[in-house]
Amino acid sequence: MSGHEYTAPVPGLEAVEVPEPGAVTIVVPTFNESANIRRLLRQITEAVPARLPCEVVFVDDSTDDTPEVIREAAQDCPFPVAVLHREEPVGGLGGAVVEGLKAATSEWIVVMDGDCQHPPSLVPELVATGERANAALVVASRYIEGGSRAGLAGSYRVAVSRGATWLTKALFPRRLHSISDPMSGFFAIRRSAVTAEALKPLGYKILLELAVRSRPRQVAEVPFVFQDRFAGESKSSAQEGLRFLRHLAGLRTASPVARMVGFGLIGASGFVPNLAGLWALTALGLHYVPAEILANQFGVAWNFLLIEHLLFRDRRAHRRWWDRLGRFALLANADLVLRIPLIALLVGRFGMGALPATALALVLTFVLRFVGTEALVYLPRRRGNRTTARRAV
């Protein structure tokens, strides 16, 4: 395989260089990693044997000279090196990996970081293990025999990594039962085992996204020692931590049943601002009836914010925020108006006691509110669907 490359336009990206097919495509997402590029490419050159043809695809979101450094360093490489610089870094590093998956031309795709903490010497073993085990996904794990997290700087990062691993495995026990290190950013996957268009990454934990949404049929692991960063600073931050939690919530609530459970838990949490508002308003001398009506709006606002960011983050583009808020508030307040007549009907017509009638009314109005929220607030408008279809044709 030669090092010839050609340029093809891709929407949302600058000039994209697509290499010729290879046996393995190494996808490296980068953000301001110019000081690590030459070392990384040198390590890949030394590690990947000639009998394993490869190509390297950098998907770059940098604001420094990383793309230029990659192009200069690529001149000395015996394999094709492509640079995809994104104008808009949608989805963070995870989104960058998805772009790399789309651009890859090989059956095996190895994803690794650009900071030299993932040893390229493990690339042949990842591919060979996948072939031997007939696996669709091979994870380089720090938490099996022979692996180590030595490169994690400080006890704080070790604790965060361990906590995140425990949390993800607790939330997805079946889908991650064969993956000891779901936080790993170093893995190999068959191109035929993943549909890039179905992925919705948020942040840098793309392996979790792949394992949960793509559900590879067979998973294998190889141990690896997490290396010290060669140059630059870690991109981990409190903001990335929040994005990770939002990503977890989005994955966990992907099914309607899980969304309904989340909807109920968020609704229950809304009693806190509701009661706090009621207490404050009545303490100021307001009559309890208008105070309850106003206090209910605090709970509505609280529930709307959590539902927006935890349950329906992927559906917010269908309507403007004020439209979504108005519809949600209307449904939430209609619940109060509907519940009292429903309780009266259950007691007077069906002879139920006040307590069971109230409980049943709460359940029925909750289900109606959830279905109404999905259908009237967060599903796309039909006219928009027809317009999109016409444009696609």
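Residues numbered from 1 in each chain as written. Predicted model: local features only at pLDDT ≥ 70, side-chain atom pairs only at ≥ 80, totals over all residues. Heavy atoms only, no water.

**Quick word on the confidence of the model for the protein chain**
When the pLDDT values of the protein chain are averaged, the result is 78; 83% of them are 70 or greater. At the level of individual helices and strands, the protein chain shows its lowest average pLDDT in helix α13 (residues 382–392), which scores 36, and its highest in strand β6 (residues 108–111), which scores 93. This model gives residues 1–21 a pLDDT under 50, and the stretch forms 53 contacts once residues within four places in sequence are excluded. Every residue in residues 383–393 scores below 50 in pLDDT, and together they form one contact with partners more than four places removed in sequence or on other chains. (pLDDT = per-residue confidence, 0-100. Helix = DSSP H or I, 4+ residues; strand = E, 2+ residues; numbered from the N terminus. Contact = heavy atoms within 4.5 Å.)

**Observations concerning unusual backbone geometry**
Its identity as a non-glycine residue notwithstanding, N32 has a phi of 55°, on the positive side. By the secondary structure assignment, N32 is in the loop between β3 (24–30) and α1 (34–47). On the basis of relative accessible area, N32 is assigned to the partly exposed category, the value being 27%. Positive phi, normally seen in glycine, also occurs at C116, with a value near 70°. By the element assignment, C116 lies in the loop between β6 and α4 (123–133). A relative accessible area of 5% places C116 in the buried class. (Buried < 20%, exposed > 50% of the residue type's maximum accessible area, 1.4 Å probe, protein only.)

**Some details on the pairing of strand β5 (residues 81–85)**
By the criterion of burial, β5 is predominantly enclosed, with five of the five residues buried. Here β5 shows two buried faces, one formed by V81, V83 and H85 and the other by A82 and L84. Bridging between strand β4 (residues 54–60) and β5 involves five bridges; their strand directions are parallel. Looking at the pairing, V57 lines up with A82 of β5. Taking the sense of rotation as the criterion, the β-α-β connection linking β4, helix α2 (residues 66–74) and β5 turns out right-handed. (Pairing = 2+ DSSP bridges. Right-handed = clockwise from strand over helix to strand, strands pointing away.)

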